[in-house]
Amino acid sequence: MTDQVSDAPRPRRSRGAAESLGSIVLTFESIIVFLGGLAVFGLRALPESIPQWWGIVVGSVLALVMLLTAGVLRYRWGIVLGWVLQVIVALGGFLVPALFLVAIIFGGMWAYATIKGASLDARNARLAAEADTPNGD
């Protein structure tokens, strides 16, 4: 006899707006950051003392860290790590000035995702709490 409890799929965890929007931004930004690493390599933007292939390595690692961060945005430290990654991308603008534009665009989307997403999450929590109280008490 099979156990019906183990056959039922586990319900998915509810994700908030900040987590959902932030993971979308970081996922798309990781593609651009990888391509930025290729640009650093191709333009030979690193100082002479550093091998140029480090541009590809740093771009790939940063893109991977962004993808991993997208998975931990449910935690407060995940949001903070996302902000740190935005600063690192902005610092890359000193090597390739086009990365300043990337930092402005994706930094703005990240700010919107985290700030507006948090306010939407707070609003939804308040509405859910009001719905749980009988007769609006």
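Just above, that's the structure.
Counting starts from 1 at the beginning of each chain's written sequence and moves along it residue by residue. For a predicted model such as this one, the threshold for reporting local features is a pLDDT of at least 70, and the threshold for listing and counting side-chain atom pairs is 80 or more; totals across whole chains, interfaces and linings nevertheless cover every residue. The side-chain quantities take in all heavy atoms of the structure and omit both hydrogens and water.

### Description of unusual backbone geometry
Phi at Arg-44 is positive, roughly 50 degrees, even though this residue is not glycine. Each helix corresponds to a stretch of at least 4 residues labelled H or I by DSSP, and each strand to a stretch of at least 2 residues labelled E; elements are numbered beginning at the N terminus. Relative to the elements of secondary structure, Arg-44 occurs in the loop between helix 2 (17-42) and helix 3 (54-70). When a residue's accessible area, from a 1.4 Å probe over protein chains only, is under 20% of the maximum for its type it is buried; when over 50% it is exposed; and in between it is partly exposed. Here Arg-44 falls in the exposed class, since its relative accessible area comes to 60%.

### Comments concerning the pattern of salt bridges
We count a salt bridge whenever a side-chain nitrogen from Lys or Arg sits within 4 Å of a carboxyl oxygen from Asp or Glu. Evaluated as defined, the whole model comprises two salt bridges. Between Glu-19 and Arg-15 there is a salt bridge whose closest N-O contact spans 3.9 Å. With relative accessibility at 8%, the residue Glu-19 sits in the buried group.

### Description of the layout of surface pockets
Two kinds of site are reported from a 1 Å grid over the protein atoms alone, namely cavities, where a 1.4 Å probe fits but cannot get out, and pockets, open sets with protein on both sides within 12 Å along at least five of seven lines, and residues are called lining when an atom falls within 4 Å of a point. Grid points are joined across faces, edges and corners, and a volume is the space filled by probe spheres set on the points. For the largest pocket, the calculated volume is near 270 Å³. Together, 16 residues line the largest pocket, and Val-40, Val-58, Leu-62, Gly-92 and Leu-95 are the ones closest to its centre. When residues of the lining of the largest pocket are traced back to their parent elements, those giving at least two are helix 2, helix 3 and helix 4 (76-91). With five residues, helix 3 is the largest single contributor of residues to the lining of the largest pocket. Here the residues of the lining of the largest pocket are counted per class, giving 11 nonpolar, five polar and no charged. Each residue receives one of three labels: charged for Asp, Glu, Lys and Arg, nonpolar for Ala, Val, Leu, Ile, Met, Phe, Trp, Tyr, Cys and Pro, and polar for the others, Gly being one of them.

### Looking at a nonpolar patch on the surface
Patch membership requires over 30% relative accessible area and the absence of a salt bridge. Like charges are linked within 9 Å, and nonpolar side chains (Val, Leu, Ile, Met, Phe, Trp, Tyr) within 5 Å. Computed with the Shrake-Rupley method and a 1.4 Å probe, the accessible areas treat only the protein chains shown as cover for residues. Taken together, the side chains of Leu-21, Ile-24, Phe-28, Ile-31, Ile-32, Phe-34, Leu-35, Leu-38 and Tyr-112 make up a nonpolar region of the molecular surface, amounting to roughly 810 Å² of accessible area. When residues in the nonpolar patch are grouped by element, the largest group, eight residues, is from helix 2. For Leu-38, the position within the fold is in helix 2. Assessed through its relative accessible area of 34%, Leu-38 is described here as partly exposed.

### Some details on the packing of helix 2 against helix 3
To obtain an axis, a line is fitted to C-alpha atoms, over the contacting stretch when the element is a helix, and the angle between two such axes runs from 0 to 180 degrees between their N-to-C directions. Running from N to C, helix 2 and helix 3 cross one another at 175 degrees; their axes reach a closest spacing of 7 Å. Classified by the angle between their axes, helix 2 and helix 3 sit roughly antiparallel to one another. Only Gly-55, Ile-56, Gly-59, Ser-60, Leu-62, Ala-63, Met-66, Leu-67, Thr-69 and Ala-70 of helix 3 make contact with helix 2, whose side of the interface consists of Ser-23, Leu-26, Thr-27, Glu-29, Ser-30, Val-33, Phe-34, Gly-37, Leu-38, Val-40 and Phe-41. A per-class count over the contact of helix 2 with helix 3 returns 12 nonpolar, eight polar and one charged. Small angles under 35 degrees read as roughly parallel and large ones over 145 as roughly antiparallel, with 65 to 115 read as roughly perpendicular and the rest as oblique. By definition in these notes, contact holds between two residues if any of their heavy atoms fall within 4.5 Å.

### Regarding the packing of aromatic side chains
Ring pairs (aromatic) are described by centroid distance and by the angle formed between their planes. Pairing of aromatic rings covers Phe, Tyr and the six-membered ring of Trp, with a centre-to-centre limit of 6.5 Å; geometry is then stacked below 30 degrees between planes, edge-to-face above 60, and tilted otherwise. Under the defined criterion, the tally for this structure stands at four aromatic pairs. Here the aromatic rings of Tyr-75 and Trp-77 are separated by 5.8 Å at their centres, their planes lie at 5 degrees, and the arrangement is stacked.

### Notes on helix 4
Residues lying three or four places apart along an α-helix face the same way, a consequence of the helix completing one turn every 3.6 residues. An expected span of 1.5 Å times one less than the residue number is assigned to each helix. The first and last C-alpha atoms of helix 4 sit 23 Å apart over 16 residues, in line with the 22 Å expected at 1.5 Å per residue. Those residues of helix 4 that sit buried are Gly-78, Ile-79, Gly-82, Leu-85, Gln-86 and Val-89. Within helix 4, the buried residues cover an arc of 110 degrees as seen down the axis, which keeps them to one side. Across helix 4 from its buried face, at more than 90 degrees, point the exposed residues Arg-76, Trp-77 and Val-87. Those residues of helix 4 that are buried lie in contact with helix 2, helix 3 and helix 5 (98-132). Note: the arc covers the axis-to-C-beta directions of the helix.

As far as function goes, none of this settles anything; it's purely spatial.
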